[in-house]
Amino acid sequence: MIITVASFKGGVGKTTTAVHLAAYLQSKGETLLIDGDPNRSASGWAKRGNLPFKVIDERQAAKYAKNYQHIVIDTQARPEQEDLEALVEGCDLLILPTTPDALSLDALMQTVNVLKSLGADQFRILITRVPPKPRRDGEEAREMLTEAGLPIFKGSIRDAVAFQKAALAGVPVNKVSDPRAKIAWRDYQHIGQEVIK
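Residues numbered from 1 in each chain as written. Predicted model: local features only at pLDDT ≥ 70, side-chain atom pairs only at ≥ 80, totals over all residues. Heavy atoms only, no water.

The protein carries the name Chromosome partitioning protein ParA in an unreviewed UniProt entry, which gives Chlorogloeopsis fritschii PCC 6912 as its organism.

Below, the structure written as structure tokens:
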């Protein structure tokens, strides 16, 4: 399975999503994460610690891809229309992470409009960095996207400092010492289960 994670906006958890879906998929079969972001965020994450899957940059993809059951691709932020077209054609599922705030949702809608103009339908929206209750940002974003008839994951990713700790340590969130790490990992396990269904 080839999964691509893309966003028109930075700061929405794109690399965090790519890393954690790769960690989940590794438990189901050999998984490769291709770092297609010029910032090389996923590569930096891997260099700081020990991820349970291989991370390469996109220039090495041809050599390695054939040896893996699952491939997760972390893309650059703000892809051009032709980049999106290539991304859609080159994957089984395009995941669009968004935070539940107005600017991110506006950027998401721009992405969705480009995808619709391309006739692409194998994408799904993931709401990330959902603030804790009593704030209702996550629920309100979900209601808006559902009313718009857009494909959306049932699960979402709660905001947690544990993700920053994981990135600094170079490990998935389930390997850091933080009281919310288990909850944060469970959120991504639920998304992984939805992906594999």
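Next comes the rest of the account.
1. Focus: the pattern of salt bridges
In this structure the tally under the stated criterion is 13 salt bridges. Put simply, Lys-14 and Asp-74 hold a salt bridge, and the shortest N to O gap is 3.0 Å. Taken together, the positions of Lys-14 in helix H1 (residues 14–26) and Asp-74 in strand E4 (residues 70–75) put the pair 60 residues apart, joining distant regions of the chain. As far as the burial class goes, Lys-14 and Asp-74 line up, both buried. In this structure, the salt-bridge partner of Lys-133 is Glu-139, at a minimum N-O distance of 2.8 Å. For Lys-133, a relative accessible area of 66% corresponds to the exposed category. Through salt bridges with shared partners, a single ionic network connects Arg-40, Asp-57, Glu-58 and Arg-59. (Salt bridge = Lys/Arg side-chain N within 4 Å of Asp/Glu carboxyl O. Helix = DSSP H or I, 4+ residues; strand = E, 2+ residues; numbered from the N terminus. Buried < 20%, exposed > 50% of the residue type's maximum accessible area, 1.4 Å probe, protein only.)

2. With respect to the nonpolar core
Inside soluble globular proteins, nonpolar side chains tend to come together where they are buried. Membership of the largest hydrophobic core comes to 35 residues, with the highest contact counts inside it found for Leu-33, Phe-53, Ile-95 and Val-173. At the level of secondary structure, the elements contributing two or more residues to this core comprise strand E1 (2–5), H1, helix H2 (41–48), strand E5 (93–98), helix H7 (161–169) and helix H8 (181–196). If you tally residues by element for this core, the top one is H1, at seven residues. Excluding its chain neighbours within four sequence positions, the residues that come into contact with Ile-95 are Ile-3, Thr-4, Val-5, Ala-6, Thr-17, Leu-21, Arg-124, Leu-126, Phe-153 and Val-195. Judged by nonpolar contacts, the second largest core, of 23 residues, contains Leu-87, Leu-96, Val-114 and Ile-127. (Core = buried A, V, L, I, M, F, W, Y, C linked by side-chain atoms within 4.5 Å. Contact = heavy atoms within 4.5 Å.)

3. Focus on the UniProt feature "domain: CobQ/CobB/MinD/ParA nucleotide binding" (unreviewed entry) in the protein
Under the feature "domain: CobQ/CobB/MinD/ParA nucleotide binding" (unreviewed entry), the UniProt entry names residues 3–173. As annotated, residues 3–173 comprises 41% helix and 18% strand, and the C-alpha atoms at either end are separated by 20 Å. (UniProt positions renumbered as here; feature names shortened; annotations may be inferred.)

4. A look at the packing of H1 against H2
Where H1 contacts H2, the two axes come as close as 9 Å, and the packing angle between them is 55 degrees. Put simply, H1 runs oblique to H2. Considering how the two elements wind past one another, H1 and H2 form a crossing that is right-handed. Taking contact as the criterion, the partners of Thr-15, Thr-16, Val-19 and His-20 in H1 are, on H2, Ser-41, Ala-42 and Trp-45. Residue composition of the contact of H1 with H2, by class: three nonpolar, four polar and no charged. (Axes fitted to C-alpha atoms, helices over the stretch in contact; angles between N-to-C directions. Parallel < 35°, antiparallel > 145°, perpendicular 65-115°, else oblique. Left-handed = near helix turned anticlockwise from the far one by under 90°. Nonpolar A, V, L, I, M, F, W, Y, C, P; charged D, E, K, R; others polar.)

5. Concerning the confidence of the model for the protein
Low pLDDT marks stretches whose predicted atomic positions should not be read closely. Overall, the prediction assigns the protein a mean pLDDT of 94, with 100% of residues at 70 or greater. Looking across the protein, the model is least confident in helix H4 (residues 81–89), with a mean pLDDT of 87, and most confident in H1, with 98. (pLDDT = per-residue confidence, 0-100.)

6. Focus: the packing of aromatic side chains
Scanning all chains against the criterion turns up one aromatic pair. With a centroid separation of 5.7 Å and 85 degrees between ring planes, the pair formed by Phe-163 and Tyr-188 is classed as edge-to-face. On the criterion of sequence distance, the pair formed by Phe-163 in helix H7 and Tyr-188 in helix H8 is long-range, its members being 25 residues apart. In this pair, the class of Phe-163 matches that of Tyr-188, namely buried. Directly above the ring of Phe-153 sits Arg-124, whose terminal nitrogen or CZ lies 4.5 Å from the centroid. (Phe/Tyr/Trp six-rings, centres within 6.5 Å; stacked < 30°, edge-to-face > 60°. Lys NZ or Arg CZ within 6 Å of the ring centre and 35° of its normal.)

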